[in-house]
Amino acid sequence: MGNIDTKLSPYYSIVEEKSGSPSLSKTSDICLNDLRQFSSLWTIRKVKFNTDNKNSLLFELNSEHVNYQKHLKLALNQIKCLKTIRHPNIVKYLYSKEPPHSKCVLITEPLRPLTCLLDDLSREQIVRGLYGITNGILFLHEKVKISHNNICTSSINLNPKQTWKLNNFELSMPFSDLNCQTISLIYEFKDKNSVTPEEELVSKGMGKFDFDSIFKEHPHCLDSYAWAMLVVKLLYTNNKTGSQTNIIDDEDEDCSLEDYLSNDPRKRPHIRSAIELQCFDVCKNSSSNVLQDNFDPLNIQNLTDLESNVENLIDYLNDICKMENKIRRKVLNENLIDFLVSPIMFFSQRVRQKILPSVLIPVELNEKKIVNNFYLYKNWNLNKELKNEETCLQPLIDLDKYKAFVLPRILSLFTMRSMQIRKVLLEFFPFYIHLINDTETLKYEILPELLVGLKEKNDDLVSLTFSCLSIMVKLLGHETVVGKAKAINDQKSYFTENIPKVSSNSTLIRSKLI
């Protein structure tokens, strides 16, 4: 990046990153290798933006490039667009400086390139991400009246909340400016996957139609084609068939994109029509059937937000409980389940009491008293009965999704040394521990954490831990949990199963027992 611009440095501080250092999280924290995946137009650095000390990204135009003047125009166009356009699915602008008083610098929210994360995303996450990007494009077309002109995987980033964001506005322009001349000027900078057939013809001077008139009458045509190419690439190339996270029904996969990929730009539909495609039904079900008051739990950012929205969250989840099973499975997607088992949920007493039981108990175990020889009672190890009015909700998550999404989160939470989190996990221990079929996980991840709990000075936590260890004995054997005897000769039974003989002489029976 070169020397830090002293005129801008009061607004940020550089976050040093060692080459090859891994990301702290596969899906949230950006690492050095990610920075290389952004546009070659910019040099990227992780920074702390000093107004709120939040992690951010700094984009600095490479001033030593041979085509610097051309690149500067594109960079200024990117800054202008992000500075003036606000939408949940468009990259958030924080700050910028421009020549001649400074280097060309842009600061945005923290982002990761989609191309670095695709292998870790389920098909449903990709569909929902595409739905957000589609709404972002629709906003550009109907509200802002501009054409993006470079819609492709490299123009999509994800923020730490996993929201898909449209980026790379360097080639965008107002609808009124679309013509053969401007299209030919930006052609060399476009991603080849977003190039339309007519752009190919214009770039070679082979246009048979009056494309200027077509662009004027159908200004959406370029983005419509590129959008369809993006959908095909993400949903129908290298499809993750058979993955446990592929929970979209088969009938959702047959949406036709032929009209959007038409060689005739006049026949391509508007992006608004794309919202109605069948592959986005899962997204519309969640928004139309659940979010009656526009409440979205994924917008909750901290404990204060959670405390003020507990009743809204209960109503939201109660609506899900009332849905048909098929629709409920779609609405209870991976993102929502991940939120419901996130650490923040364990720090609210009302949430622990009213919501978490419906999340930590699978639907199939709600009415069963015995599973794998374990007696499962609500608050099984507390000397009180958990009343229906205390929980407010019935169990939400079926067993398949519970195993796929809840169990991995529980294993992660077990390593956290938080009193609130550990107590809740121990209280509901019988409802999930028998679902972990991997003995190695039980022996080397769960058991060591339970043994640490025995050293705690809090009596309630120690009591709960002893109760859970009794179940672990059943699963792993007493030698693994309690430890082997010092010598073989020391291993003996101190109890018998002898039953006293029945006798009419009660005095004799009592004497034998004594």
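Above this text is the structure in question.
The structure reproduced in this document is the subject of the present report. None of the values given here were measured: they were computed from a predicted structure.

### Observations concerning the packing of helix H20 (residues 439-453) against helix H21 (residues 459-476)
Look at H20 against H21: their axes get within 9 Å of each other, and the N-to-C directions meet at 155°. As the angle between them shows, H20 and H21 are arranged roughly antiparallel. As H20 packs across H21, the resulting crossing turns out to be left-handed. Residues Thr439, Leu442, Lys443, Ile446, Leu447, Leu450, Leu451 and Gly453 of H20 form the contact with H21, whose own contacting residues are Leu461, Val462, Thr465, Cys468, Leu469, Met472, Leu475 and Leu476. When the residues that make up the contact of H20 with H21 are grouped by side-chain class, the tally is 12 nonpolar, three polar and one charged.

### Section: the pattern of salt bridges
Summed over the entire model, instances satisfying the criterion amount to 16 salt bridges. Glutamate 142 is the partner of arginine 272 in a salt bridge, and the nearest nitrogen-oxygen pair spans 2.9 Å. Remark: glutamate 142 occurs in helix H3 (residues 123-144) and arginine 272 occurs in helix H8 (residues 271-274); sequence separation between them is 130 residues. For arginine 272, a relative accessible area of 45% puts it in the partly exposed group. With a relative accessible area of 34%, glutamate 142 lands in the partly exposed category. Notably, a salt bridge pairs aspartate 338 with arginine 409, separated by 2.8 Å at the nearest N-O pair. Here aspartate 338, found in helix H13 (residues 334-340), pairs with arginine 409, found in helix H17 (residues 399-413); they are 71 residues apart in sequence, far enough to count as distant.

### With respect to the packing of aromatic side chains
Evaluated as defined, the whole model comprises seven aromatic pairs. Arranged with centres 5.9 Å apart and planes meeting at 85°, the rings of tryptophan 42 and phenylalanine 59 form a pair that is edge-to-face. Note that tryptophan 42 is positioned in strand S2 (residues 42-49) and phenylalanine 59 in strand S3 (residues 54-61), a separation of 17 residues in sequence. By relative accessible area, which is 3% here, phenylalanine 59 ends up buried. An aromatic cluster is defined as three or more aromatic residues linked by ring pairs; in this entry it consists of Phe414, Phe429 and Tyr432. Stacked on the ring of tyrosine 187, the Lys or Arg lysine 192 has its end atom at 4.4 Å from the ring centre.

### A word on the pairing of strand S5 (residues 105-108)
Here S5 shows a buried face lined by Val105 and Ile107 and a second buried face lined by Leu106 and Thr108. The pairing of S3 with S5 spans four bridges and is antiparallel. Following the sheet pairing, leucine 57 is matched in S5 by threonine 108. As paired elements, strand S4 (residues 93-97) and S5 share four bridges and run antiparallel to each other. The residue of S5 that forms the bridge with serine 96 is leucine 106.

Parameters at a glance
Residues numbered from 1 in each chain as written. Predicted model: local features only at pLDDT ≥ 70, side-chain atom pairs only at ≥ 80, totals over all residues. Heavy atoms only, no water. Axes fitted to C-alpha atoms, helices over the stretch in contact; angles between N-to-C directions. Helix = DSSP H or I, 4+ residues; strand = E, 2+ residues; numbered from the N terminus. Parallel < 35°, antiparallel > 145°, perpendicular 65-115°, else oblique. Left-handed = near helix turned anticlockwise from the far one by under 90°. Contact = heavy atoms within 4.5 Å. Nonpolar A, V, L, I, M, F, W, Y, C, P; charged D, E, K, R; others polar. Salt bridge = Lys/Arg side-chain N within 4 Å of Asp/Glu carboxyl O. Buried < 20%, exposed > 50% of the residue type's maximum accessible area, 1.4 Å probe, protein only. Phe/Tyr/Trp six-rings, centres within 6.5 Å; stacked < 30°, edge-to-face > 60°. Lys NZ or Arg CZ within 6 Å of the ring centre and 35° of its normal. Pairing = 2+ DSSP bridges.

Taken by themselves, the reported measurements are silent on function.
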